[in-house]
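Topology and contacts: notes
Given next are the chains, with one letter for each unit.
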Amino acid sequence: MINLLGADDVKAMARRLRTALAADGTTISHSAALELTARQLGARDWNTLVGSLPDAARNDRPKPKPGDPVDAVPIIRIFDVDRAYAFYCDYLGFGRDWEQRFEDHQPMYAQVSRGDVRLHLSEHHGDGSPGIGVLLTTLDVQALHDELQSKDYPLNPAIESEERGLTLAVIDPFHNRLVFHQPVDQPARVDTVAAPWRHRLRVSCSPAVAFEIFTLRMGEWWGPGYNAHPEAYTGVRLEPRVGGAVVFTFDGYPDQSWGRVAAWDPPRVYAQDFWLAQDPDYPSRLTVTFTDDANGTVVDFEHGGWVPGNAVWRNKFTE
C-alpha cells in the first residue's frame, strides 16, 4: 500500500483520473474514479482503502493540544492609510474594526474584516515587507467578481479556472497579492463565468436540409478522430426528441455517450447538452439556429453554458 497524506489526496487523484479519461472521450462517475484509484493503490475498494488509513491520514482532525494555534491573521504592510482603506474597505468590502496609533504622527496598525476573515494592516517598518501573498477561501468567486465589477475602482480582475478550483487575484496599492479561492469541491453557481463561443456559417441549401445534415446525418460529417475509438468509429446516433441521447457508435466497442438533445424544433433550432471531453456532471450547451436567407441558410452556432464546473475546458472548443 502506498503511504498517502490522506483521503483528500486520493480524491484529488480520482478527479485527475476522471478529467484525463474525459479528455480522451471516456466518461466515468466520481464514485467509479474513486474505486479505480483505490485499486490502483492496492486496495480492494474505496471503503477498504479509507478504512486502512490511520486516523490522521483519513483527515480526521486530532484532538487539539493546549499549545496548538487556533487562528492566524496575516499582517499586510501598507504605506498610505487612505489608499489602504479605499482598497480593502471601499473596493473589497472589508469593514473597519479598529485602528491604533501610539501618537497622532505615528504609524497606524488596524484590523479589517469580512465574514470570518480578519486582516491586519500595518504602517510599521518592522511588520514585514510589501509583496506578500494571501490566500482567502470563498464560497462563491463569481459573486465576488460581480460585486467588484460594480465598484468604481481601477482594477478589472478575471476569474481563473484551475485544477484546485476557481481563483480571482487582486493586487493592492502596495503590491500585496490577495487570491480568493473557491475550492473545486465547492458547489458551483449556475451563473456563467465565461462568454459562449459563437460562429456563423452560410450554406447554399434550405434550412430543412441544413437541419437534417447537422442532426440526423451528423455521422456523415463528424471527424472520426474526436471520440474514444477512432479506428472503430462507425457514426453518430441521435434520438430526434428533447431528452434524446447523442452517442458515438463503434465496431466492437460500446456506444460512447457525449450529449443529450435539449431543443428539437426542425428546421429552426437544435440544441444539446454537450459533455465531449468534459465532466458530464457539468455539461456545456451547444445551440444551433437555422435561418432562411436569399442565398440559402444562415447557420449560427453558440457553445455556451460555461459555469465554474466546466470552464476549465472552454478553450478546447475555439475552432
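Refer to the structure printed above.
My aim in this report is to walk through the structure given alongside it, one point at a time. (Residues numbered from 1 in each chain as written. Predicted model: local features only at pLDDT ≥ 70, side-chain atom pairs only at ≥ 80, totals over all residues. Heavy atoms only, no water.)

Things to note about the packing of aromatic side chains
Per the stated rule, a full pass over the model turns up 19 aromatic pairs. Ring plane angle 65° and centroid distance 6.3 Å describe the contact between Phe214 and Phe290, whose orientation is recorded as edge-to-face. Of the two residues, Phe214 is situated in helix 6 (residues 207-214) and Phe290 in strand 14 (residues 284-293); the sequence distance between them amounts to 76 residues. The pair formed by Phe214 and Phe290 is uniform in burial state, with each residue classed as buried. For Phe214, a relative accessible area of 11% translates into the label buried. Members of the aromatic cluster, connected to one another through ring pairs, are Phe211, Phe214, Trp221, Trp222, Tyr233, Phe248, Trp258, Trp264, Tyr270, Phe274, Phe290 and Phe301. (Phe/Tyr/Trp six-rings, centres within 6.5 Å; stacked < 30°, edge-to-face > 60°. Helix = DSSP H or I, 4+ residues; strand = E, 2+ residues; numbered from the N terminus. Buried < 20%, exposed > 50% of the residue type's maximum accessible area, 1.4 Å probe, protein only.)

Observations concerning the nonpolar core
If you look at soluble globular proteins, the nonpolar side chains tend to sit buried side by side. Formed by 27 residues in total, the largest nonpolar core has its most connected members in Tyr88, Leu92, Val170, Leu178 and Phe180. Every element with two or more residues in this core is listed here: helix 4 (81-91), strand 3 (109-114), strand 4 (117-122), strand 5 (133-137), helix 5 (141-149), strand 7 (165-171) and strand 8 (177-183). For this core, the element with the highest residue contribution is helix 4, accounting for seven residues. Counting residues in each nonpolar core, the second largest holds 23 residues, with Phe211, Val246, Trp258 and Phe290 among its members. (Core = buried A, V, L, I, M, F, W, Y, C linked by side-chain atoms within 4.5 Å.)

Quick look at the sheet that holds strand 2 (residues 95-100)
Judged by pairing direction, the sheet is mixed, and its four strands sit side by side in the order 1-4-3-2 without closing on themselves. Looking at which strands have only one partner, the edges of the open sheet turn out to be strand 1 (75-77) and strand 2. Within this sheet the neighbouring strands show an average axis-to-axis angle of 25°, counted without direction. By the bridge criterion, six bridges tie strand 3 to strand 4 in an arrangement that is antiparallel. Each residue of the ladder has a partner; that of Arg114, found in strand 4, is Val117. Each of strand 1, strand 2, strand 3 and strand 4 is contacted by helix 4, which is oriented at about 150° to strand 2, the strand it contacts most. (Pairing = 2+ DSSP bridges. Axes fitted to C-alpha atoms, helices over the stretch in contact; angles between N-to-C directions. Contact = heavy atoms within 4.5 Å.)

With respect to unusual backbone geometry
Residues Pro266 and Pro267 are joined by a peptide bond in cis, for which omega reads 0°. In this structure, His175 is a non-glycine residue whose phi angle is positive, near 70°. Considering the arrangement of structural elements, one finds His175 in the loop between strand 7 and strand 8. Unusually for a residue other than glycine, Ala277 sits at a positive phi of about 60°.

Here we look at helix 5
Helical geometry note: an α-helix holds 3.6 residues per turn, so side chains three or four residues apart project in the same direction. Those residues of helix 5 not exposed but buried are Val141, Gln142, Leu144, His145 and Leu148. All buried residues of helix 5 lie within an arc of 160° about the axis, which places them on one face of the element. On the buried face of helix 5, the contacting elements are helix 4, strand 3, strand 6 (159-162), strand 7 and strand 8. The N-capping residue of helix 5, defined by a side-chain oxygen 3.2 Å from the backbone nitrogen of Gln142, is Asp140. (Arc of directions from axis to C-beta. Polar contact = N/O pair within 3.5 Å; in protein donor to acceptor, adjacent residues only side chain to side chain.)

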